Amino acid sequence: MAVSMSRRILHSFGSFRNQSFRASHGDRLLPADSSSIVRYLCRRTPVNVRSHKFSSLKGKDELSIEEEAERKVGWLLKLIFAGTATAVGYQLFPYLGDNLIQQSVSLLRVKDPLFKRMGASRLARFATDEDRRKMIVEMGGAQELLNMLGTAKDDRTRKEAFKALAALSLSDVAVAALHHAGGLAIIKSAPDSFEDAEIETYKSSVLKRFQDLRYDTSS
């Protein structure tokens, strides 16, 4: 009896494998094997691969744009900070105290023209008001600038000396000190420059101050 029941079950299973089943969508008959079902489902619901790729590329582009924008903003903030710090430092530089003025005058006494130019450049920035100009004169800066101008061998050194003298000559006290130190003769004897027009501009400015205060009556 058990053998006959087994045979009936196997016969029914074989018949089920060979028959077709009716799909739930319409009356179309589909094969019962699994591979055919998979192929059918793939045909019915195709995957839009191109759409997925486009979405992925679009997401990457948006991310790269955001990163680039963040980098540009970061550099902009750095430039703003550096510019602000430079401007503040430049404004505060002339107010750092008497020691820097004394150090600048000391640089004028060094034989190396490079140090002389550095000292003269600093004094030109320090000479922003009457008190500081008087302080430079009292520390011997006017005399040292004349010495620097008299021994200068190149236009760059003469230019820095004249630039500092022009800033210093805005003070009547400084012009008087330059006059008593024989500055008029030294300034007039300085050779003209045909390459740097600023030298002649500074020189003319200093000579005009001598004329305004009646120390030079030759013109």
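What comes next concerns the included structure.

Conventions and cut-offs
- Residues numbered from 1 in each chain as written.
- Predicted model: local features only at pLDDT ≥ 70, side-chain atom pairs only at ≥ 80, totals over all residues.
- Heavy atoms only, no water.
- Helix = DSSP H or I, 4+ residues; strand = E, 2+ residues; numbered from the N terminus.
- Buried < 20%, exposed > 50% of the residue type's maximum accessible area, 1.4 Å probe, protein only.
- Contact = heavy atoms within 4.5 Å.
- Areas by Shrake-Rupley, 256 points an atom, 1.4 Å probe, with all protein chains shown as cover.
- Core = buried A, V, L, I, M, F, W, Y, C linked by side-chain atoms within 4.5 Å.
- Salt bridge = Lys/Arg side-chain N within 4 Å of Asp/Glu carboxyl O.

A word on the overall build of the chain. Looking only at helices and strands, the chain has eleven helices and two strands in total. In the chain, the order of α-helices and β-strands from amino to carboxyl end is α-β-β-α-α-α-α-α-α-α-α-α-α. Residues counted as buried form 29% of the 219 residues belonging to the chain. Look at the contacts in the chain between residues 6 or more apart in sequence, and 60% of them connect residues 24 or more apart. Carbon and sulfur atoms make up 58% of the accessible area of the chain, which amounts to about 15200 Å² in all.

Let us look at the nonpolar core. By size, the foremost hydrophobic cluster in this structure holds 35 residues, and its most contacted members are Leu 123, Leu 145 and Ile 187. Put simply, the parts of the chain that give this core at least two residues each are helix 4 (98-108), helix 5 (113-126), helix 6 (130-138), helix 7 (141-151), helix 8 (155-168), helix 9 (172-180), helix 10 (183-189) and helix 11 (197-212). Broken down by element, this core gets its largest block of residues, seven residues, from helix 8. The residues touching Ile 187, leaving out its near neighbours within four places in the chain, are Leu 146, Leu 149, Phe 162, Lys 203, Val 206, Leu 207 and Phe 210.

Glancing now at the pattern of salt bridges. Counted under the stated rule, the structure contains nine salt bridges. For Glu 144, the salt bridge identified is with Arg 109, shortest N-O distance 3.3 Å. Pair noted here: Glu 144 is in helix 7 and Arg 109 is in the loop between helix 4 and helix 5, with a separation of 35 residues, a long-range link.

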